[in-house]
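# Observations on the three-dimensional arrangement
Take a look at the letters that make up each chain.
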Amino acid sequence: THPTARSRVHRLRAACDAAIIGGNTVRRDNPHLTSHGGSHDPLRVVMSRSLDLPRTDPQGEPLHLWQTATTPTLVFTETGANPDLQTWLRDRGVEVVELPQVAPAAALAVLAERQLVSVLWECGGTLAAQAIADGSVQKILAFIAPKIIGGGSAAPSPVGDLGFTRMTEAIDLQRVTCLLYTSPSPRDRT
């Protein structure tokens, strides 16, 4: 998006008890999930049913989330998933919680038991849809980059496949105007 948007996200994280992502975000982004120098870092939470997550980055270093000396990480996974990785994570200070079924509501229940009630869902579309569908999301903030990347035929996008494979190839838009339209809720209709 933009440095201003990233700064806002860091402030949001600093105000939250926990920040949740899914396995795809771990694999694609190797995020820190910290406030980047803010006053408080949230508990970093990863939800992965099968726990098919990488241990290291391309340089062979443990992923940022698995480095827990200053910021803790908790991983929710299904019972019995990838025991070798569970052991490896626990040896590095990552807390692994096995659940019969990994779902947003189940994760929130565990966090609520620990008095962690302000949760930022920083996940991708699949986990976000699950969290919205099961009522785990109460407020939505969307940061939209002024770029066109083209989604291809399989992606729900107003622009077809432009052949881009990296975000650095995206078309940057200039003089952007944003209009927001909302429809009234069913309660507001007469």
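Use the structure listed above.
The structure presented is a predicted model; accordingly, all values stated were derived computationally and were not measured.

### Here we look at a nonpolar patch on the surface
Side chains of Leu162, Ile171, Leu173 and Val176 sit close together on the surface and give an oily, nonpolar patch of about 310 Å² of accessible area. Position of valine 176 relative to the elements: it lies in the segment after β7 (171-172).

### Notes on the layout of surface pockets
Taken as a whole, the second largest pocket holds about 260 Å³ of empty space. Taken together, the residues that form the lining of the second largest pocket break down as 7 nonpolar, 1 polar and 1 charged.

### Some words on the side chain of serine 35
Relative to the helices and strands, serine 35 is located in the loop between α2 (23-29) and β2 (43-47). Within polar-contact distance, the side chain of serine 35 engages the backbone oxygen of histidine 40 at 3.0 Å. With near-sequence residues (within four places) excluded, serine 35 lies in contact with His10, Arg13, Ala14, His40 and Asp41.

### Some points on the nonpolar core
Ile20, Leu43, Val45, Met47, Phe76, Leu111 and Trp121 are the most contacted members of the largest nonpolar core, which has 19 residues in total. The set of elements that each furnish at least two residues to this core consists of β1 (18-22), β2, β3 (73-78), β4 (95-99), α4 (104-113), β5 (119-121) and α5 (125-133). When near neighbours in sequence (up to four residues on either side) are disregarded, isoleucine 20 contacts Val45, Met47, Leu111, Val119, Leu120, Trp121, Glu122, Cys123 and Leu127. Counting residues in hydrophobic clusters, the runner-up holds 17 residues, among them Ala19, Leu65, Val75 and Leu89.

### A short note on the pattern of salt bridges
This structure, assessed with the given rule, holds 4 salt bridges. Residue aspartate 52 is joined to arginine 27 by a salt bridge in which the shortest nitrogen-to-oxygen separation is 3.2 Å. With aspartate 52 in the loop between β2 and β3 and arginine 27 in helix α2, the pair connects residues that are 25 residues apart, well separated along the chain. Here glutamate 78 makes a salt bridge to arginine 49, at a shortest N to O gap of 3.8 Å. Of this pair, glutamate 78 sits in strand β3 while arginine 49 sits in the loop between β2 and β3, and the two are 29 residues apart along the sequence. Relative accessible area serves as the criterion here: at 40%, arginine 49 is assigned to the partly exposed category.

### Focus: the sheet that holds β4
If you trace the 5 strands from one edge of the open sheet to the other, you get β4-β3-β2-β1-β5, paired in parallel fashion. Of all the strands in the sheet, just β4 and β5 have a single pairing partner and so form its edges. Within the sheet, the average angular offset between the axes of one strand and its neighbour, ignoring direction, is 25 degrees. Alignment of β2 against β3, held across 4 bridges, turns out to be parallel. Bridge pairing links arginine 44 to threonine 73 in β3. Against the sheet, helix α3 (residues 83-91) touches β3 and β4, its axis set at about 145 degrees to β4. Strands in contact with α5 are β1, β2 and β5; relative to β1, the strand with the most contacts, it is inclined by about 120 degrees.

Procedures and definitions
- Residues numbered from 1 in each chain as written.
- Predicted model: local features only at pLDDT ≥ 70, side-chain atom pairs only at ≥ 80, totals over all residues.
- Heavy atoms only, no water.
- Patch = residues over 30% accessible without salt bridge, like charges linked within 9 Å, V, L, I, M, F, W, Y side chains within 5 Å.
- Areas by Shrake-Rupley, 256 points an atom, 1.4 Å probe, with all protein chains shown as cover.
- Salt bridge = Lys/Arg side-chain N within 4 Å of Asp/Glu carboxyl O.
- Helix = DSSP H or I, 4+ residues; strand = E, 2+ residues; numbered from the N terminus.
- 1 Å grid on protein atoms, 1.4 Å probe; cavity = no way out; pocket = protein on both sides within 12 Å on 5 of 7 lines; lining within 4 Å.
- Points joined across faces, edges and corners; volume = space filled by probe spheres on them.
- Nonpolar A, V, L, I, M, F, W, Y, C, P; charged D, E, K, R; others polar.
- Polar contact = N/O pair within 3.5 Å; in protein donor to acceptor, adjacent residues only side chain to side chain.
- Contact = heavy atoms within 4.5 Å.
- Core = buried A, V, L, I, M, F, W, Y, C linked by side-chain atoms within 4.5 Å.
- Buried < 20%, exposed > 50% of the residue type's maximum accessible area, 1.4 Å probe, protein only.
- Pairing = 2+ DSSP bridges.
- Axes fitted to C-alpha atoms, helices over the stretch in contact; angles between N-to-C directions.

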